[in-house]
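Architecture at a glance
Below, each chain spelled out in residue letters.
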Amino acid sequence: MRNQYGYGAFCAWERNHIGAVRQALYSIADAIEQHHTKKYGEVCISIIMFKDELIRRAIIHDNDKFANLDMFSGYVNSSKRWEELGGPDLEYGTDEWKPRNDRANRGLNSSRRHVHSNDHHREYFKEETEMTIFPLIEMVCDWYGVSARYNDGSPDMAKFEESLDTNKCNFPNHYQRFVIDKVYGFLAKREFEIINQISEVCKCYDKDESDVRKSDPVLSHLDWDVTQFLTARKQLYNTTLETSAMLAARTPTQLNFSKSE
């Protein structure tokens, strides 16, 4: 609901937005796990790692907007200006929308700091082509969440499609456009192609099978992208286990847990 003081409007918009983004990320995570279980009869460790990363992103999405008084005040002032300029009534990304959005954020560093500190925004990267699978998924979920901001928390599929059409043109990379389109397809139409592809990559990685899809550049890039993440996460997991084992092997005296006098 609109609020002339800015504070109430910002909190309501962000509550609707963040709730929708989390719901979208959770639904993708759950769909990947369910699809894999149904197809292969078990959940592999790679699926668990992939799902955990989506859930981690859902939990921390846009938290920095509330991280300190500076950031929070900037967004409150920005939302107040945006409302006063009639921004919520405008179609996203239109020629009329853009200058009002710029005016709402003029002189405020909050938005600039946010997009340069969060990898689900293309501005975070020097080149858009650097965006990999997780930032891409979260970015599309972010667009999905924007459509819920002025709609009492319920995503508006028409506005979601407008946002997709407006922003997708910034990504000339075929692989990125493939991921963007397929994540949109899942969220808007319940098409499971991206879920199926991710599930297959994770299965191949867990069984250490060679990539059988090198003839398709887009799917080969997806294989590489997911495999890079899983390899890094597995190394971190193994390092954590080794550290835990080393700590467990030490005596209380070595750990400085000896009984004090």
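The structure this text deals with has already been given above.
This one's a predicted model, so the numbers in the text were calculated from it and none came from an experiment.

What counts, and at which threshold
- Residues numbered from 1 in each chain as written.
- Predicted model: local features only at pLDDT ≥ 70, side-chain atom pairs only at ≥ 80, totals over all residues.
- Heavy atoms only, no water.
- Core = buried A, V, L, I, M, F, W, Y, C linked by side-chain atoms within 4.5 Å.
- Buried < 20%, exposed > 50% of the residue type's maximum accessible area, 1.4 Å probe, protein only.
- Helix = DSSP H or I, 4+ residues; strand = E, 2+ residues; numbered from the N terminus.
- Contact = heavy atoms within 4.5 Å.
- Phe/Tyr/Trp six-rings, centres within 6.5 Å; stacked < 30°, edge-to-face > 60°.
- Axes fitted to C-alpha atoms, helices over the stretch in contact; angles between N-to-C directions.
- Parallel < 35°, antiparallel > 145°, perpendicular 65-115°, else oblique.
- Nonpolar A, V, L, I, M, F, W, Y, C, P; charged D, E, K, R; others polar.

Examining the nonpolar core
- Grouped together as the largest cluster of nonpolar side chains are 49 residues, with contacts concentrated most on I28, F50, L54, I137 and L187.
- Contributions of two or more residues to this core are made by α1 (7-40), α2 (45-60), α6 (133-146), α7 (157-168), α8 (174-189), α9 (193-206) and α10 (217-249).
- In terms of residues, this core owes the most to one element, α6, which gives nine residues.
- Setting aside residues up to four positions removed in sequence, I28 forms contacts with L54, I137, C141, V183, F186, L187 and I195.

So, the packing of aromatic side chains
- Inspection of every chain in the model, using the stated rule, returns 11 aromatic pairs.
- With 5.6 Å between their ring centres and 40° between their planes, F10 and F66 make a pair best called tilted. Separated by 56 residues along the polypeptide, F10 in helix α1 and F66 in the loop between α2 and α3 (69-84) bring together distant segments of the chain.
- Assessed through its relative accessible area of 39%, F66 is described here as partly exposed.
- Between F186 and F192, the ring centres sit 5.3 Å apart and the planes meet at 85°, which makes this aromatic pair edge-to-face.
- You can call F186 buried: its relative accessible area is 1%.

Quick word on the environment of H114
- Mapped onto the elements, H114 comes out in helix α5 (residues 110-117).
- For H114, a relative accessible area of 3% corresponds to the buried category.
- Separated by 50 residues in the primary sequence, H114 and D64 place their C-alpha atoms 7.3 Å from one another.

Overview of the packing of α1 against α3
- Two elements in contact, α1 and α3, have axes whose closest approach is 8 Å; the angle formed by their N-to-C orientations is 100°. The orientation of α1 with respect to α3, classified from their angle, is roughly perpendicular. For the pair α1 and α3, the contacting residues are Y7, A9, F10, C11 and W13 in the first and F72, Y75, V76, S79, W82 and E83 in the second.
- Of the residues assigned to the contact of α1 with α3, the class counts are nine nonpolar, one polar and one charged.

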